[in-house]
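# Descriptive structure summary
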Amino acid sequence: MPRRRAELPLALPDVFTVEFARAAGVTRGRLRSSDLSAPFRGLRSRGEASDVRALVTSYLPKLRPREHVSHATAIALVGGWIPDRLRTAVDVAVPRPCGRARGRNVRGHEAAEAGGWRFGPVPIAHPAVAWCQAAELMDERELTIAADSLMRRHDPVLSRVHLGTAVAPGWSSSTTASSIASTTRSTRVTSTGSTNCPAWGGASSA
């Protein structure tokens, strides 16, 4: 007869650090049980991350001060389109001199400054800045699709003005500047009105 798994302490949240679990009396063997997933090094989750939001939620216990979600992950978090290949890892940015985040399922980046926005409990790059950052990860066609998804006609997250403002100061000398400029000219949607973010507490400036 198979051995029954020990119950996890009620004090453990759905996502928890190995260190916290060990301090609560959970054995190393229990932490390797098949009912727990390990989305990131040093973390355990009571379930598999089913989408980008769940993956980001799983990463929150590891997020250091001034780190924030950026690039493609920030786009997806606010309801924008990103390629499937970018959905299996979390983009995390941090200003210098802090070292980039590293590890399985993490894409670490350097940022000019700490993220000034929040999406629910998550510090993120402004969606327009995140879209510019994503030029490191996407080609022009993918950037165009992502921009259209953010400037959608119903409940847009961004306007063309937002993108233009983000591109001008930060990307003029970048090797990806021409790609970004070309993409902003070719986006199909011309939203200039009010913008919104989908539910999860909404997005706001910090």
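Residues numbered from 1 in each chain as written. Predicted model: local features only at pLDDT ≥ 70, side-chain atom pairs only at ≥ 80, totals over all residues. Heavy atoms only, no water.

Next up on the list: the confidence of the model for the chain. Summarising the model, the chain shows a mean pLDDT of 77, and 77% of its residues fall at 70 or more. Mean pLDDT values over the elements of the chain span from 53, in helix α8 (residues 177–186), up to 95, in helix α4 (residues 71–77). Predicted confidence for residues 170–177 stays below pLDDT 50, and this span has 10 contacts to residues more than four positions away or in other chains. For the stretch residues 189–195, pLDDT sits under 50, and the model shows 18 contacts to residues farther than four places along the chain or on other chains. (pLDDT = per-residue confidence, 0-100. Helix = DSSP H or I, 4+ residues; strand = E, 2+ residues; numbered from the N terminus. Contact = heavy atoms within 4.5 Å.)

Here the focus is the pattern of salt bridges. If you walk through the whole model with that rule in mind, you get five salt bridges. Residue Asp 91 is joined to Arg 107 by a salt bridge in which the shortest nitrogen-to-oxygen separation is 2.7 Å. Pair noted here: Asp 91 is in strand β4 (residues 90–95) and Arg 107 is in strand β5 (residues 106–111), with a separation of 16 residues, a long-range link. (Salt bridge = Lys/Arg side-chain N within 4 Å of Asp/Glu carboxyl O.)

Along the chain, Val 26 turns up in the loop between α1 (18–23) and α2 (28–31). Using a relative accessible area of 4% as the deciding quantity, one classes Val 26 as buried. Val 26 sits 19 residues away from Glu 7 along the chain, and the two C-alpha atoms are 9.2 Å apart. Dropping the residues within four chain positions of it, Val 26 is found in contact with Leu 8, Pro 9, Leu 12, Ala 21 and Leu 31. (Buried < 20%, exposed > 50% of the residue type's maximum accessible area, 1.4 Å probe, protein only.)

Let us now look at helix α6 (residues 140–150). Among the 11 residues that make up α6, eight are buried, leaving the element largely enclosed by the rest of the structure. Within the sequence span of α6, burial applies to Glu 142, Leu 143, Thr 144, Ala 146, Ala 147, Asp 148, Ser 149 and Leu 150. The distance from a side-chain oxygen at the start of α6 to the backbone nitrogen of Arg 141 is 3.2 Å, and the residue carrying that oxygen is Asp 139. (Polar contact = N/O pair within 3.5 Å; in protein donor to acceptor, adjacent residues only side chain to side chain.)

Once that is clear, we can look at the environment of Arg 53. Checked against the element boundaries, Arg 53 lands in helix α3 (residues 52–59). For the pair Arg 53 and Ala 76, spaced 23 residues apart in sequence, the C-alpha to C-alpha distance is 8.2 Å.

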